[in-house]
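Letter by letter, the chains look like this.
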Number of protein chains: 2
Amino acid sequence: MEIADTPGVIVTVDTVLLTLCDGTLHVALLKREHAPFEGVLALPGGYVHVAEDASTWDAAARVLRDKAGIESPYLEQLATFSGAGRDPRGWSVSVAYCALVPQMLLRGGHGGVKLLPVEGLPVLPFDHKSIVAAAVARVRAKSQYSSLPVYLCGDSFTLPQLQAVYEAVLGEPINKVSFRRKIEQLGMLEAIDGAQEQGRANRPAQLYRLRKEFNRRLSLLDRALNARD
Amino acid sequence: MEIADTPGVIVTVDTVLLTLCDGTLHVALLKREHAPFEGVLALPGGYVHVAEDASTWDAAARVLRDKAGIESPYLEQLATFSGAGRDPRGWSVSVAYCALVPQMLLRGGHGGVKLLPVEGLPVLPFDHKSIVAAAVARVRAKSQYSSLPVYLCGDSFTLPQLQAVYEAVLGEPINKVSFRRKIEQLGMLEAIDGAQEQGRANRPAQLYRLRKEFNRRLSLLDRALNARD
DNA sequence: GCAATAGTGTCTGTAAGACAGTATAGT
DNA sequence: ACTATACTGTCTTACAGACACTATTGC
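Residues numbered from 1 in each chain as written. Chains lettered and ligands numbered in written order. Predicted model: local features only at pLDDT ≥ 70, side-chain atom pairs only at ≥ 80, totals over all residues. Heavy atoms only, no water.

Caption draft 1: Structural context of the side chain of A:S147. Tracing the backbone through its elements, the reader meets A:S147 in the loop between α2 (128-143) and β8 (157-158). Beyond its immediate chain neighbours, meaning those up to four positions away, A:S147 contacts A:Y166 and A:M188. (Helix = DSSP H or I, 4+ residues; strand = E, 2+ residues; numbered from the N terminus. Contact = heavy atoms within 4.5 Å.)

Caption draft 2: Seen up close, the domain arrangement of chain A. All names here are of chain A. Domain boundaries assigned for chain A yield domain 1 (10-143) and domain 2 (148-214). Tallying the contact residues gives 15 residues for domain 1 and 11 residues for domain 2. The three residues of domain 1 that bury the most area against domain 2 are L20, L100 and S143, which together make up 43% of that side's buried surface. Linking domain 1 to domain 2 there are zero salt bridges. If you list the elements that add at least two residues to the side of domain 1 that touches domain 2, you get β1 (10-21) and α2. No other element matches α2, which puts four residues into the side of domain 1 that touches domain 2. Across the side of domain 1 that touches domain 2, the residue classes tally to nine nonpolar, four polar and two charged. (Domains from an automatic or database assignment. Buried area = accessible area lost by both parts, 1.4 Å probe. Salt bridge = Lys/Arg side-chain N within 4 Å of Asp/Glu carboxyl O. Nonpolar A, V, L, I, M, F, W, Y, C, P; charged D, E, K, R; others polar.)

Caption draft 3: Main features of the protein's contact with DNA strand C. Near DNA strand C lie 21 residues; those nearest to it are A:R180, A:N202, A:Q206, B:S178 and B:R181. Sugar plus phosphate, as a fraction of atoms of DNA strand C within 4 Å of the protein: 57%. Interatomic distance of 3.3 Å between a side-chain N/O atom of A:R203 and a base nitrogen of DNA strand C. Within the contact set of DNA strand C, a phosphate oxygen lies 2.7 Å away from a backbone nitrogen or oxygen of A:Q206. Listed by contribution, the elements that provide at least two residues to the surface near DNA strand C are α4 (176-186) of chain A together with α4 (176-186) of chain B. Counting residues per element, the surface near DNA strand C draws most heavily on α4(B), at four residues. Partitioned by chemical class, the residues of the surface near DNA strand C number eight nonpolar, five polar and eight charged. (Near = heavy atom within 4 Å. Polar contact = N/O pair within 3.5 Å; in protein donor to acceptor, adjacent residues only side chain to side chain.)

Below you can see the structure in the form of C-alpha cells.
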C-alpha cells in the first residue's frame, strides 16, 4: 500500500460567483476570516473536506452555501490553478468553479458578500484576479453560442430582458431579429401561457421560462465529470 | 499558521495523449507499474512532485517525458476529476491534461506505449474512460473553429493532408473550397517557398507550416493560467 | 389619438457549399 | 496523350443584420 495522500499539497476550491448589477457583470467577494490575507477581499473558497464532500463540485457548492448563503442553480468547473508560488502556505491546487445567479437570489445571501464590477477590480490575493478573468472569458465565450445567460435571469423573463442580459455579458448590442431567431432555433425556452409583463405604457411582453429538459443541463454535464464513473 | 497540506487527498495528474493512426484518433496507454491495477493498461499519470514541478502543467509534461518518452508540443489542461470513489487508495484529485502529437513523434517514445482507437476502448481503471471521452469531445469541439488539428501533423504538411486530419478528427467530410477559405482567413499557416510534395503521379501540393507567432499559442494560453500571476 | 415598446415581414449583403474548370506532376 | 490530384473561378443557397411595418398597452 502506498501513501494515502500527497504530502505538502494544499487542495482547495475557489468559486467565481457572477451576477448582473446595473447592467454589468459583478463578482462576489468575501473578507477572508483567516490568515493568509485575513480581512482582505477574496473569492469564496476553502479546503476540500474529505468527510463531507463527494467531489470538488460538492465542495464548491458547500463553500457557496456556507460562506455566501447561496444555492447556485449553475455551477460549472472552470479550471484548476496550481503551483508553488500562488499560496504562501505552500504548493497548492485550487479547483476553480464558476457560478451564475440572478441578482435577486443574492438578496437572501449572507450580509458579508461584496459585489464588485469585474472590470477594474482591486488587487486580489493569491491568483484570484486570473481566476476571475478566466471565468469572465469563459462566460463571454459560451454566451456567444449557448443559452448560458439565462441563468442570470430569474425563473421567468421576457425576450427583451434576456436580450439585455446577453448584451450586458457580451458588451455589445445585438440585432433584435437575429437574437430572436437564434433563441427560437436553440429551442430551450417556452412561453408561459397568458403570462405577460404588466404595468408599463406599451405593448406587454410575453414571459418565457427555460424548458425543464434544459434546466441545469450544462451543470449536469459537469457533474457527470465528477461522478464515480 | 494552518496545516501545510490537505490530509487524505491524493493529488495526481493524468494525460490523454492523442494521435492519428490509420485515419482515426488513438489514445496512448501504459501498463501500470504499481498497485492499484498493476499491469493494467491506463492513462499515463502520476503524483504531483512538489519539489520538481512548478505546476500541474509541469507535472503532466514530466509524466509524458519520463513515462512515455515524449515531449508534446501541445499540452492543455482538460478538467479535474475528483471524489472519494474514483481511486481505491482514497479521496483523490486528478488534474487531466490533453496532448496532441503527430504519429511520427511517437516513434521515438518508449516501447511500452500502446495506441488504441478512442472508439471501442476496453474497460479502463479509475475513471480513465470518462477522461478520454472528455478529451475527445474537447478536441472535436475545438477543431470546429480553431487550428488545433495542426498539432497532429508534423512540421510541414500539405493542405490536402491537413484537410484529411480535420476530417478524421471530426468524422465527416469537409468541403474543399470552404476548408481552404477557412484556413486562409485564420491566417496561421504560411507556404514554404519552393517546397512541394514530390513523388506522385499528379500535380504536387504546396507544403505549409504553422507561422511562428501561432506556434504553441493555445498551450501558452494554458500556461498563463498556471503561472504565478 | 399619442407615446412607447413588443413583435414580425422582407430586403440585402456576406459567407458557406457545389460544381466545373484549369494546372502540373508521373507514366 | 492520359490519369490523377492540386488548385481556382463562379454560381447558388442559407443565414445574419438592417429596416420598416404592425400590435398592444397606458395615458
